[in-house]
Amino acid sequence: MWHATSDDPAARRAANVTADGSPDGAIRLATPGDIAALVAIENASFSGDRLDRRRFRYLLTQANSVTFVDVDGAIVRGYIMLLLRTSWRGARIYSVATHPAHLGCGVAARLLTAAECWAAAHDCVEMRLEVRTDNVASLALFRKRGYVVFGRHGAYYHDGMDALRLRRMLGL
């Protein structure tokens, strides 16, 4: 089972790739102490299909997953969560969110870099995710980073919105 901890050298390297010590933020692994902030970001970012406190606790402590947070001092500005399977050499971006007060500051881009670095260091060859068809900003970020559409899920979200399935091969 893959589960990043603060003593995981690859997780530290992934965080260091994006954390330059500037006041623009730093990336680190999420801990159970971040759950309240993660729930607040989730509630501020999504109108439905939200992760709750219990689900975050499970995903951070027991699931085959890794979660990075972008922080500015004690403020958690956003997170990215990867789910992993031992039978697949890939990582699924299960959720990524930036608190609305920090949109447009590069939070999601830094988190994506950390997640991709961590995945590559753990021999993942592919990243996948689903994005709402109306989420123009997220689609632009992922396309800019080399993600391509490879499918579609009809009525995937709570409000009936479709999702585009995106993927990127790592190391290419």
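None of the values given here were measured: they were computed from a predicted structure. (Residues numbered from 1 in each chain as written. Predicted model: local features only at pLDDT ≥ 70, side-chain atom pairs only at ≥ 80, totals over all residues. Heavy atoms only, no water.)

Draft legend 1. Main features of the packing of aromatic side chains. Under the criterion given, the structure shown has three aromatic pairs. Centroid distance Phe142 to Tyr147: 5.2 Å. Interplanar angle 80°. Geometry classified as edge-to-face. Summarising the burial analysis for this pair, Phe142 and Tyr147 share the class buried. Ring centres of Tyr156 and Tyr157 lie 5.0 Å apart, and the angle between their planes is 85°; this geometry places the pair in the edge-to-face category. For Tyr157, a relative accessible area of 17% translates into the label buried. Here Arg167 stacks its cationic end above the ring of Phe150, 4.5 Å away from the centre of that ring. (Phe/Tyr/Trp six-rings, centres within 6.5 Å; stacked < 30°, edge-to-face > 60°. Buried < 20%, exposed > 50% of the residue type's maximum accessible area, 1.4 Å probe, protein only. Lys NZ or Arg CZ within 6 Å of the ring centre and 35° of its normal.)

Draft legend 2. Main features of the pattern of salt bridges. Under the definition given, this model contains twelve salt bridges. Where Arg92 meets Glu130, a salt bridge forms, and the shortest distance between an N and an O atom there is 2.8 Å. Note that Arg92 is positioned in strand β4 (residues 90–98) and Glu130 in strand β5 (residues 126–132), a separation of 38 residues in sequence. What makes Arg92 partly exposed here is its relative accessible area of 24%. Given a relative accessible area of 18%, Glu130 falls into the buried group. Asp159 is paired through a salt bridge with Arg132; the nearest N and O atoms lie 2.9 Å apart. With Asp159 in the loop between β6 (148–153) and β7 (163–169) and Arg132 in strand β5, this pair connects stretches of sequence that are 27 residues apart. Here Asp159 falls in the partly exposed class, since its relative accessible area comes to 44%. Residues joined by salt bridges that share partners form a network here, namely Asp70, Asp72, Arg77 and Arg110. (Salt bridge = Lys/Arg side-chain N within 4 Å of Asp/Glu carboxyl O. Helix = DSSP H or I, 4+ residues; strand = E, 2+ residues; numbered from the N terminus.)

Draft legend 3. Region of interest: the side chain of Arg110. In this fold, Arg110 is placed in helix α4 (residues 107–121). We classify Arg110 as buried; its relative accessible area is 15%. There is a polar contact of 3.2 Å between the side chain of Arg110 and the backbone oxygen of Cys105. (Polar contact = N/O pair within 3.5 Å; in protein donor to acceptor, adjacent residues only side chain to side chain.)

Draft legend 4. Summary view of helix α3 (residues 53–61). Every buried residue of α3 is listed here: Phe56, Leu59 and Leu60. Buried residues along α3 cover an arc of 95° about the axis, so they all sit on one side. (Arc of directions from axis to C-beta.)

Draft legend 5. Local environment of the confidence of the model for the protein chain. In the predicted model, the protein chain carries a mean pLDDT of 87, and 85% of its residues have values of at least 70. When pLDDT is averaged over each helix and strand of the protein chain, the minimum, 50, is found for helix α1 (residues 9–18) and the maximum, 97, for β7. Low pLDDT, under 50, characterises residues 17–23; the predicted model gives this stretch ten contacts beyond four residues in sequence or across chains. (pLDDT = per-residue confidence, 0-100. Contact = heavy atoms within 4.5 Å.)

Draft legend 6. Quick peek at unusual backbone geometry. Positive phi, close to 65°, is recorded for Asp123, a residue that is not glycine. Within the fold, Asp123 resides in the loop between α4 and β5.

Draft legend 7. Inspection of helix α2 (residues 35–45) at higher detail. The complete set of buried residues in α2 reads Ile35, Leu38, Val39, Ile41 and Glu42. Along α2, the residues classed as buried sweep out an arc of 160° about the axis, all on the same side. The elements touched by buried residues of α2 are α3, β2 (65–72), β3 (75–84) and β4.

Draft legend 8. Up close: the nonpolar core. Ranked by internal contacts, the top residues of the largest apolar core, which has 27 residues, are Phe68, Leu82, Ile93, Met127, Phe142 and Tyr147. Among the secondary structure elements, those contributing two or more residues to this core are β1 (26–29), β2, β3, β4, α4, β5, α5 (136–144) and β7. The element that contributes the greatest number of residues to this core is α4, accounting for seven residues. Here Ile93 is in contact with Ile80, Met81, Leu82, Leu112, Met127, Arg128, Leu129, Phe142 and Tyr147, once residues within four sequence places are set aside. (Core = buried A, V, L, I, M, F, W, Y, C linked by side-chain atoms within 4.5 Å.)

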